[in-house]
Protein chains: 2
Amino acid sequence: MESKCENCIVRQFNSLRALSKEELKKVSDSKISKKIMKGDSIFVEGQKLDGVYCVRKGVSKLSKLSSNGKEQIVKLTNKGEVMGQRSVVAEDFTNLSATAINDMEVCFIPKEIISNTLNTNPNFSLEVLRHMAHDLKEADDVIVNMSQKTVKQRLAEAFVYLKKNYGEDEFGFLLLTLSRDDYANIVGAATESLIRMISEFKKKGLIKTSGKKIGVVEEKTLQELADGF
Amino acid sequence: MESKCENCIVRQFNSLRALSKEELKKVSDSKISKKIMKGDSIFVEGQKLDGVYCVRKGVSKLSKLSSNGKEQIVKLTNKGEVMGQRSVVAEDFTNLSATAINDMEVCFIPKEIISNTLNTNPNFSLEVLRHMAHDLKEADDVIVNMSQKTVKQRLAEAFVYLKKNYGEDEFGFLLLTLSRDDYANIVGAATESLIRMISEFKKKGLIKTSGKKIGVVEEKTLQELADGF
DNA sequence: GAAAAAACATGATAATTATCAGTTTTTACA
DNA sequence: TGTAAAAACTGATAATTATCATGTTTTTTC
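Residues numbered from 1 in each chain as written. Chains lettered and ligands numbered in written order. Predicted model: local features only at pLDDT ≥ 70, side-chain atom pairs only at ≥ 80, totals over all residues. Heavy atoms only, no water.

Colleague: Explain the sheet that holds strand β1 (residues 32-36) of chain B to me, and be specific about the residues and the numbers.
Modeller: An order of β1-β8-β3-β6 (chain B) is seen for the four strands of this open sheet, with the pairing classed as antiparallel. Two strands close off the open sheet at either side, each with one partner strand: β1 and β6 (82-83) of chain B. (Pairing = 2+ DSSP bridges. Helix = DSSP H or I, 4+ residues; strand = E, 2+ residues; numbered from the N terminus.)

This is how it looks when you write it as structure tokens:
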């Protein structure tokens, strides 16, 4: 037996919280839970989505290929986030690919339910609108960072961000473990350049590493670095 | 006597087209037309907006200051575009500044009318949502361009974009004339670097210049350059 | 548990882009 | 219409970042 949306806490974090009891029941009845293994793709850029994906557990990266074939990670999802919303709302192909960074549980919700509810429940529309407004603001910030900050600044910022958003374990290592490649695709740099910078940060005592795991040691200094001091 | 929204063609291009006759009349009665001179500011990053601005004539740049004090242009507005929508929807400060690139006519629409209509007319919400979805997609594209393309590629792309979106005069010069500084702030480069690149493009016969005016000569080659060939 | 593959790492070098220090040209306006 | 300010431009140089080559470590797979 599958669990119900009504009892799902992650709903609090996303636009589904604006649904009425009946609407929620409909969603719950038609949703499909899926387990996705680390590294697996959830959907691919250019695809037509038949619905949205609500993240119950795990983290995924939303990325886009540039014409030279390099991947750029545009966003990491947070718990409760609804993926594919933009595409369903705009009745458009996805412009992003979603790939699991660790093992995930997501719920697929057919697009018909979403569009119906958008048409009938203004609160839901508004809630989706607010989330999209938030995403848009964040995207603007990323644009500015990409064009005005150095790779070093962006990497410092990434570490602070990862600590704040995904936390750290008892030994001070980031809970979200990314490959060096993923780091490079987040800050928009060549993998080799990025690895060098990680070494440099480590040498300066700003971070610590243990295999792939990275721990933030000097958060304040990293933040200052990110801000350009 | 001011002209009425009911007769305003630019409405076709924006979310206001989803309004009913009565709603449109309300907007029309409460809107304030403003003339804005080239170079003047419409609103500034961090400000609380009391409404949105509908662009009737002219072009503005939406920009953001980075922590090092350099301006990054995130978007140029098109005719009919509604500025400040994100901020009003999210009940948030603006994250962007809007500045007139040439003489403009805009209509200010108080936020109360916008929020009321959002709450009562699902079609309007949906329409706003679609526009925001479109902006978000474009922002994602900009992120990828910024991080994966060279300044040269981004500049080539900018020329093609400006020609396609704002057209050219009878002599083949872009109708939208930007300063070298603005070009630099669009592609995210130092002004000197950008000027050098313009000289290079000119030397190669890809573009032509006459004072500040720039004309696209080899559109296809520029497009290929932008795509990385 | 060994072989293969993938990820991580470092050095040398080249390409890209920024910065600084000017000069020239254009624009604004008193 | 002359002049000051702003914008456009150029050269020299430095800083940043990418690329290529190669070696090491870790992970996966049979």
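Now that the structure has been shown, the text picks up again.
Colleague: Report on the interface of chain B and chain A, specifying residues and quantitative values.
Modeller: Between chain B and chain A, the residue contacts involve 40 residues of the former and 40 residues of the latter. Buried surface at the junction of chain B and chain A, summed over both partners, amounts to about 3,800 Å²; 67% is from carbon and sulfur atoms. Run the count over chain B and chain A and you get four salt bridges. The salt bridge partner of B:Lys137 is A:Asp92, with a shortest N-O separation of 3.0 Å. (Contact = heavy atoms within 4.5 Å. Buried area = accessible area lost by both parts, 1.4 Å probe. Salt bridge = Lys/Arg side-chain N within 4 Å of Asp/Glu carboxyl O.)

Colleague: Lay out the domain arrangement of chain A in plain terms, naming residues and giving numbers.
Modeller: All names here are of chain A. Considered domain by domain, chain A is made up of domain 1 (5-146) and domain 2 (149-227). One C-alpha centre belongs to domain 1, the other to domain 2; they are set 26 Å apart. Taken residue by residue, the interface counts 14 residues in domain 1 and 17 residues in domain 2. Together, the buried faces of domain 1 and domain 2 total about 1,300 Å²; carbon and sulfur atoms form 47% of this surface. Here domain 1 is connected to domain 2 by one salt bridge. A salt bridge links Asp-182 to Lys-61; the nearest nitrogen and oxygen atoms lie 2.8 Å apart. Linking domain 1 with domain 2 are 11 residue pairs in polar contact (both at pLDDT 80 or more). When contributions to the side of domain 1 that touches domain 2 are tallied by element, the ones reaching two or more residues are β5 (71-76) and α4 (122-148). Of the residues forming the side of domain 1 that touches domain 2, the biggest block, four residues, is contributed by β5. (Domains from an automatic or database assignment. Polar contact = N/O pair within 3.5 Å; in protein donor to acceptor, adjacent residues only side chain to side chain.)

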